[in-house]
4 protein chains.
Amino acid sequence: VRLRDLGIVVGEHPPGPVNAITDVPGVTVGLRTVVADTPRVARTGVTVVLPRGGEEWTDPVFAGYHAFNGNGEITGIPWLLESGTLGSPVAITNTHQVGTIRDALVAHAEARDIATDFHLPVVTETYDGWLNDIAAFHLTAADLEAALAAAAGGDVAEGNVGGGTGMICHEFKGGTGTASRAAGGHTVGALVQANYGARRHLRVDGVAVGRAVGYDAVPAPWPDRRDGGSIVAVVATDAPLLPVQCTRLARRATVGLARVGGIGHNGSGDLFLAFATGNRLPGGAPGPDGLTMVPHPAMDPLFEAAAEAVEEAILNALVAAETMTGHDGRTAHALPHDALLTAMERG
Amino acid sequence: VRLRDLGIVVGEHPPGPVNAITDVPGVTVGLRTVVADTPRVARTGVTVVLPRGGEEWTDPVFAGYHAFNGNGEITGIPWLLESGTLGSPVAITNTHQVGTIRDALVAHAEARDIATDFHLPVVTETYDGWLNDIAAFHLTAADLEAALAAAAGGDVAEGNVGGGTGMICHEFKGGTGTASRAAGGHTVGALVQANYGARRHLRVDGVAVGRAVGYDAVPAPWPDRRDGGSIVAVVATDAPLLPVQCTRLARRATVGLARVGGIGHNGSGDLFLAFATGNRLPGGAPGPDGLTMVPHPAMDPLFEAAAEAVEEAILNALVAAETMTGHDGRTAHALPHDALLTAMERG
Amino acid sequence: VRLRDLGIVVGEHPPGPVNAITDVPGVTVGLRTVVADTPRVARTGVTVVLPRGGEEWTDPVFAGYHAFNGNGEITGIPWLLESGTLGSPVAITNTHQVGTIRDALVAHAEARDIATDFHLPVVTETYDGWLNDIAAFHLTAADLEAALAAAAGGDVAEGNVGGGTGMICHEFKGGTGTASRAAGGHTVGALVQANYGARRHLRVDGVAVGRAVGYDAVPAPWPDRRDGGSIVAVVATDAPLLPVQCTRLARRATVGLARVGGIGHNGSGDLFLAFATGNRLPGGAPGPDGLTMVPHPAMDPLFEAAAEAVEEAILNALVAAETMTGHDGRTAHALPHDALLTAMERG
Amino acid sequence: VRLRDLGIVVGEHPPGPVNAITDVPGVTVGLRTVVADTPRVARTGVTVVLPRGGEEWTDPVFAGYHAFNGNGEITGIPWLLESGTLGSPVAITNTHQVGTIRDALVAHAEARDIATDFHLPVVTETYDGWLNDIAAFHLTAADLEAALAAAAGGDVAEGNVGGGTGMICHEFKGGTGTASRAAGGHTVGALVQANYGARRHLRVDGVAVGRAVGYDAVPAPWPDRRDGGSIVAVVATDAPLLPVQCTRLARRATVGLARVGGIGHNGSGDLFLAFATGNRLPGGAPGPDGLTMVPHPAMDPLFEAAAEAVEEAILNALVAAETMTGHDGRTAHALPHDALLTAMERG
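Below or above, wherever it landed, is the structure these notes cover. Each chain has its residues counted from 1, following the order in which its sequence is written. Chain letters start at A and ligand numbers start at 1, both assigned in the order the entries are written. Since the coordinates come from a predicted model, pLDDT governs what is reported: local features require at least 70, and pairs of side-chain atoms require 80 or more to be given and counted, while whole-chain, interface and lining totals use all residues. Side-chain calculation: all heavy atoms of the structure are included, whereas hydrogens and water are not.

Glancing now at the overall build of chain A. Only runs of H or I of at least four residues qualify as helices and only runs of E of at least two qualify as strands under DSSP, and these elements are numbered from the N terminus. Of regular secondary structure, chain A possesses 8 helices and 14 strands. Each principal axis of the C-alpha atoms in chain A carries an extent, and together these give about 60 × 50 × 35 Å. Per-residue burial over chain A gives 69% buried out of 347 residues. In chain A, the proportion of contacts linking residues at least 24 apart, taken out of those at least 6 apart, comes to 80%. Under the scheme applied here, a residue whose accessible area is under 20% of the maximum for its type counts as buried, over 50% as exposed, and between as partly exposed, the area being computed with a 1.4 Å probe on protein chains only. The contact criterion used is simple: two residues touch if any of their non-hydrogen atoms lie within 4.5 Å.

Rendered as structure tokens:
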């Protein structure tokens, strides 16, 4: 069940065919969910987003990055900023194992002789240590390989899946979410791992849903207020953007986040990545068709689309997530759909 | 008339005594409004914000900066970023005369032997060329001097005043606005010059007021859609923040802007400045009491306060602004208070 | 007389035909020198660099920026960073009149209806207040117009000319300098306004020339050590660089500066701009030929060329500058050519 | 043998007692060198720099970062930039195993209950895949633990040790190097992992040593020119710098690098970190003594010291490194001390 299945629509631009980041042609998503109760509690996983379905290793995409609040980790950024390019899948996992997944991506490339010398893949994270026994370091390179092997276009599972398995968002169960928009003659998609925020700030299309759903009706996941957590967002488009324009697009994820109620709390790693597939760089150089760019004034519909796609992706994560009990018997409750609908009707 | 006078409250933190940036002790604001119909139409002005009421020339404040969308001008930023300090008043004026006002600030300091060698004052702008005959370059150094001379604490005039005289915001008459919050044991204030946005995006406490007020009821200021314009925001606090923390605070202006409906259109110069008066730097060095800082985890209430103060400052600008006819007979209509209240009641 | 006229060669790449930034096709330079003894002492001016000889207003160039030490002023940077483009001449003048020249550029564009709405020109500066009575604010819009009217290709005057008129560099008379390199199949040129540094740090091709020329032989320009001053560098290339690559190029000016002995003292505004004419953006959009880029690995010769061009441009400024007496009877002595040659021979 | 043991002195400020980063009180360095010929060739290792000898986990230091050329990896930067603090040891290793070492640092902290929730340690790298069979992924968490266990003050081994084991610098054998300076009443130290540069660019105190030592006398490590490689530099000081000042200090590593002959080739990850121990942040908050800062104008001697310390650290790495044969029988030859001295004498 997704937000629109409940009859709730946010934004003004229409979604793409599957309303997911995979509406951007060539983009594939792979999920590896690791859930176990013994020997130690696992509620974690890996999500991969492949900008060109795997060809990005040798045909990089232009990319940009924005840290709205940098209490998080992301690898690969020095070269992404320096070159304006992204030449690997993007992986999203838990905070403690960014390194494991990052080196596994390097090993993946080495094993396939994908490039000659070195690799600087992009891996980012949010913290799932409330529901997941994170100090158990559950993930291995095999989990990354499983996520890559599962990468596909079309519908994307949401909620308690992939790197988003153990998320908590606005004090409800959070997770992985995605959405897309058709705007300005192009497609803009977003995928988020939503793990941030206070309940009282949650808004859906402007309605203060979080305040409407009291703690009596739906208990908080923790005994005392905790604002920790983070949100990472990957924004993709098939528009032919230059790197500087990808950065502009990444920054608009802030708007989508703010609409839902994010303010970038101190403990939040709100890291946003954007890439554009509309230009080709086979072997790192322009092909025979050269490059082009969307004129800057024509970026406006893309900005609006990025904000809306991130907004709806977060809400899709919340709607799709299911109540989960994990580490130390803690429970994060899903946002009940009926409570959401009731709140929306009351406005 | 201000937003709260209409019975509308946004945010969760209480405002300071006068609900203005001047609630931050020591901060003063001066306004110089230039309105004339002959020989050429003038609808412009200058706003100055003095972080320490004039003493900032010799006792700088720590400061930070964020460009949400950089289609605008602001001087003084290289040194502000390099040093983390702000050692001049901040002036806000129209786009074409940033230089005039900037050099006038230098001359002001020279005339008073305020410092020995050189000055790098901060002056920023938004574009008032729809209502103001901007190519007439109305402003002179005397206008800057008048604004400085008028600087005072306490209540701040809003709407069609100072640099905000000729603004248009969400396709209603815009202008200068201010607000403040008490949070985390400190005060956070904001002053904006609001000149951005599409009407359909305007939200007040989540309610889609802009869509509710149709173009039949209140005509657009222009015959065709124009997203140009900008918003500059100055955020002040008496908390003892370090420069890096001022930057964090400045970035939260984005949240306040997004709540009202800003998305950073391509043509918008959305430039945010934050300064903190809680540390003293007489002569550019710490005084006998040294420095301190708010521990990072204690920034959260300040972040929330900054977002709320910017949000309410924009709405105050909209509420205070009055319908204005200017250059070429163009008219920008104010947001009617009754239409606003009707929209809010319907939710 | 230029460095190579003395038989001194720095770097490994050959210069272009006139060994100036104007070797980049289309680039023109205009100088306006203002020297007077009454009513107040003037030793100042304006330098303009036109990336496309004036067409840059409507056919912007891609551009990047690096602040090695930000104790200086430069306008136009928010939009340059946001868009990756530069759509105006670059003007360089004295610290106090950046605003005058900036608004004069806006007025210049307004007077010619060059664009419809607003302008954000790039103007930067160094401080000439030791030799120039800077508080007299000598320059007017007419000086900017004179510099623009004088803009031409081919040879560029150096030393005590244009914005570089009153400069002091490594405690010798400094000024305007330029140089170029042919490398990687492209041309890279640089123009500097050199006004920084301690004498003991001055090196020419590695030789500690500054230490070799004692204060007995050539007096310091001031009674006590002063490290103030600044250097601004404009780097131009005809290579088809993307904005992100222009930023990379701008950062290499640091290497040229360091070779001569700059370390970015606290009081120095070491601001570097780079632009690339190899892509066309008529009306702000790619033309029928689209865009292209130099593959990143092919940037190396351009990096080397940028470092060398900046290095030689500084040295050309020093060699061309002539002893000047100015404000308050102060004298800045030129680096004597024979002393330079003697130092070089001794190694 | 170190540079000064050969009678060569660079710079004007005196070194500290052991002329190493450990001259900054409290800073310790640990090295783990991994050299083996079977089953696969290992020429790699880990270097750790502990800003407070281990207490930095709970008493962070202020820190800053500069990427002169971002073709490299470094973790922990989003939070370092956001907070201005560094709360972990800094580890330096090979490119492929940044993740392994990063997660090992997290596990190290978890095992000691050092903090409650999450960790974002700083790990950086250079590429040793020419001499080291990097695809063998030799390192494990035990190597990181060994480096931490070995951390000590006082003399620091240089050359083919720690993360610098398999380095190549200016086409000679490179490695780990360190140096320090006493300046401005404080100590500034640097540690580099030097793995960059073309031989023809190598300069020692201005003398073109690299060109003087021909390929006939000392063969290149590879059959064709390769500019890949990188240099990472850690700059430490006991001065009470604010984060913004640490960033300034980090940027001066560029000057030290440029003096030796670095220009930031495209393939180079030239990543510079600086931290300052002079302020205390027990538990992340100022202690009873509060904070202070070096006034900005007093940064100049620290800037000079940082440049000199980096310059000499690189040269110490070159002087200490010994000829090494590694993966695929490749050999990187050390810079012969007699050839260096001969070149210096000839000037």
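A few words now on the side chain of E311(B). Residue and element names in this part refer to chain B. With respect to the helices and strands, the residue E311 is situated in helix α6 (residues 300–320). The exposure class assigned to E311 is buried, which follows from its relative accessible area of 5%. The contact partners of E311, leaving out residues within four places of it in the chain, are V10, G256, R259 and V260.

We now examine the interface of chain D and chain B. Taken together, the 22 residues of chain D in the interface contact 22 residues of chain B. Interface area for chain D against chain B, summed over the two sides, is near 1,600 Å², with a carbon-plus-sulfur share of 63%. One speaks of a salt bridge when a side-chain nitrogen belonging to Lys or Arg is within 4 Å of a carboxyl oxygen belonging to Asp or Glu. At the junction of chain D with chain B, the criterion picks out 4 salt bridges. Here E82(D) and R248(B) are joined by a salt bridge, their closest N and O atoms 2.6 Å apart. By buried area we mean the combined loss of accessible area, with a 1.4 Å probe, across both parts when two parts are placed together.

Now for the nonpolar core. Side chains of a nonpolar character, in soluble globular proteins, are inclined to be buried together. Joining through side-chain atoms within 4.5 Å is the link that ties buried Ala, Val, Leu, Ile, Met, Phe, Trp, Tyr and Cys residues into a set, and such a set is a nonpolar core. Grouped together as the largest cluster of nonpolar side chains are 248 residues, with contacts concentrated most on I314(A), I314(B), I314(C) and I314(D). When residues no more than four places from it in sequence are discounted, the contact partners of I314(C) are C169(C), V192(C), A194(C), Y196(C), I231(C), G256(C), L257(C) and V260(C).

Turning our eyes to something else, we now look at the interface of chain A and chain D. Each side of the interface is counted separately: chain A has 37 residues, and chain D has 38 residues. Interface area, chain A with chain D, both sides summed: about 2,800 Å², of which 52% is carbon and sulfur. Between E73(A) and R102(D) there is a salt bridge whose closest N-O contact spans 4.0 Å. Polar contacts here mean pairs of N or O atoms no more than 3.5 Å apart (in protein, one a potential hydrogen donor and the other a potential acceptor; neighbouring residues in sequence count only if both atoms are side-chain atoms). Remark: the boundary between chain A and chain D carries 14 residue pairs in polar contact (both at pLDDT 80 or more).

The next thing to look at is the sheet that holds strand β5 (residues 90–94) of chain A. All names here are of chain A. Pairs of strands are assigned from DSSP output, requiring at least two bridges between the strands. One open sheet holds the 4 strands; their spatial order is β1-β2-β5-β6, and the pairing between them is mixed. Looking at the sheet topology across the chains shown, the edges are occupied by β1 (28–36) and β6 (122–126). Neighbour to neighbour, the strand axes of the sheet diverge by 15 degrees on average, direction disregarded. Bridging between β1 and strand β2 (residues 42–50) involves 9 bridges; their strand directions are antiparallel. Within the sheet, the bridge partner assigned to L31 lies in β2 and is T47. Axis geometry follows a simple rule: fit a line to the C-alpha atoms, using only the stretch in contact for helices, then measure angles between N-to-C directions, giving values from 0 to 180 degrees. Along the sheet face, helix α3 (residues 141–150) touches β1 and β2 and points at about 140 degrees away from the line of β1.

Only centres within 6.5 Å qualify two rings of Phe, Tyr or Trp (six-membered ring in Trp) as a pair; their planes then separate them into stacked at under 30 degrees, edge-to-face at over 60, and tilted for everything else. Considering all chains together, one arrives at 4 aromatic pairs over all chains under this definition. Considering the side-chain rings of W130(A) and W222(A), the 5.8 Å spacing of their centres and the 75 degrees angle between planes classify their relative orientation as edge-to-face. Placement of the pair is W130(A) in the loop between β6 and α3 and W222(A) in the loop between α4 (209–212) and β11 (230–237), with a sequence separation of 92 residues. Side by side, W130(A) and W222(A) carry an identical accessibility label, which is buried. Only lysine NZ and arginine CZ atoms are considered, and such an atom sits over a ring when it is within 6 Å of the ring centre and within 35 degrees of the ring normal. One Lys or Arg, R199(A), reaches over the ring of F172(A) and ends 4.1 Å from the middle of that ring. Over the face of the ring belonging to F303(D) we find R252(D), whose NZ or CZ atom lies 3.8 Å from the ring centre.

Attention now goes to the relation of the copies chain D and chain B. Take chain D, turn it by 180 degrees, move it 0.0 Å along the axis, and it overlays chain B with an RMSD of 0.0 Å. What the rotation and shift describe, once combined, is the action of a two-fold rotation axis. By C-alpha distance to the rotation axis, the residue of chain D lying nearest is L291(D), at 2.4 Å. In this assembly the copies share their binding face: 100% of the residues contributing to the interface of chain D also contribute to that of chain B. The superposition of copies rests on a least-squares fit of C-alpha positions from residues with pLDDT of 70 or more in both.

Right, let's get into the pattern of salt bridges. Tallied over the full model, the rule gives 80 salt bridges over all chains. The salt bridge partner of E12(B) is R200(A), with a shortest N-O separation of 3.0 Å. Taken together, the residues span two chains, with E12(B) in the segment before β1 (28–36) and R200(A) in the loop between β10 (186–195) and α4. Classification of R200(A) by relative accessible area gives partly exposed; the value is 23%. Connected through salt bridges with shared partners, the residues R4(A), R181(A), E308(A) and E312(A) form a single ionic network.

The next subject is the pairing of β10(A). Residues and elements named next belong to chain A. Within β10, 9 of the 10 residues are buried, which leaves the element mostly enclosed by the surrounding structure. For strand β9 (residues 175–183) and β10, the ladder comprises 9 bridges, and the chain directions are antiparallel. Across the sheet, A179 pairs through a bridge with A190, a residue of β10. Taking the residues between adjacent antiparallel strands as the criterion, β9 and β10 are bridged by 2 residues, where G184 takes a positive phi near 65 degrees. For β10 and β11, the ladder comprises 8 bridges, and the chain directions are antiparallel. Counterpart to Q193 in the pairing with β11 is V232.

The next thing to look at is helix α7 (residues 337–346) of chain B. Residue and element names in this part refer to chain B. The set of residues buried in α7 consists of L340, A343 and M344. For α7, the buried positions fall inside an angular range of 100 degrees around the axis, keeping them on one side. Along α7, exposed side chains directed more than 90 degrees from the buried face belong to D338, E345 and R346. Against α4 (209–212) and α6 lie the buried residues of α7. Remark: G347 follows α7 within two positions and exhibits a positive phi of approximately 75 degrees. Relevant arc is that of directions from the helix axis to the C-beta atoms, nothing else.

Turning to the packing of helix α6 (residues 253–260) of chain A against helix α7 (residues 300–320) of chain A, a few remarks are in order. All names here are of chain A. Where α6 meets α7, the closest approach of the two axes is 7 Å, and the angle between their N-to-C directions is 45 degrees. In this view, α6 runs oblique relative to α7, as classed from their interaxial angle. As for how α6 packs across α7, the hand of that crossing is right-handed. Between α6 and α7, the residues in contact are A253, V255, G256, L257, R259 and V260 and A307, E308, V310, E311, I314 and L315, respectively. Polar here means any residue outside two lists: the nonpolar Ala, Val, Leu, Ile, Met, Phe, Trp, Tyr, Cys and Pro, and the charged Asp, Glu, Lys and Arg; Gly therefore counts as polar. Partitioned by chemical class, the residues of the contact of α6 with α7 number 8 nonpolar, 1 polar and 3 charged. Angle categories: roughly parallel below 35 degrees, roughly antiparallel above 145, roughly perpendicular from 65 to 115, and oblique for all the rest. Each crossing is labelled by how the near helix is turned from the far one, with a counterclockwise turn of less than a right angle marking it left-handed and a clockwise turn marking it right-handed.

Quick look at the packing of helix α5 (residues 243–260) of chain B against α6(B) now. All names here are of chain B. Their axes nearest at 7 Å, the elements α5 and α6 cross at an angle of 45 degrees. The angle between the axes of α5 and α6 places the two elements in the oblique class. Every pair of crossing elements has a handedness; the one defined by α5 and α6 is right-handed. From α5, R248, L249, R252, A253, V255, G256, L257, R259 and V260 reach across to α6, where they touch L302, F303, A306, A307, E308, V310, E311, I314 and L315. Residues that form the contact of α5 with α6 fall into these classes: 12 nonpolar, 1 polar and 5 charged.

A few words now on the environment of D289(D). Residue and element names in this part refer to chain D. The topology assignment puts D289 in the loop between β12 (269–276) and α6 (300–320). Looking at D289, the relative accessible area reads 76%, which means it is exposed. Each C-alpha atom of the pair D289 and P14 lies 30 Å from the other, and the pair is 275 residues apart in sequence.

The next subject is the sheet that holds strand β11 (residues 230–237) of chain C. In sheet architecture, strand pairing relies on hydrogen bonds along the backbone and comes in two forms, parallel and antiparallel. Residue and element names in this part refer to chain C. Read from one edge of the open sheet, 6 strands run β4-β3-β12-β11-β10-β9, paired in mixed fashion. The open sheet has two edge strands with one neighbour each: β4 (85–86) and β9 (175–183). Where strand β3 (residues 61–70) lies against strand β12 (residues 269–276), 8 bridges are found, and the strand directions are antiparallel. Pairing of Y65 across the sheet is with L273, part of β12. Contacts from helix α5 (residues 243–260) reach β3, β11 and β12 within the one sheet, and its direction differs from that of β3 by about 40 degrees.

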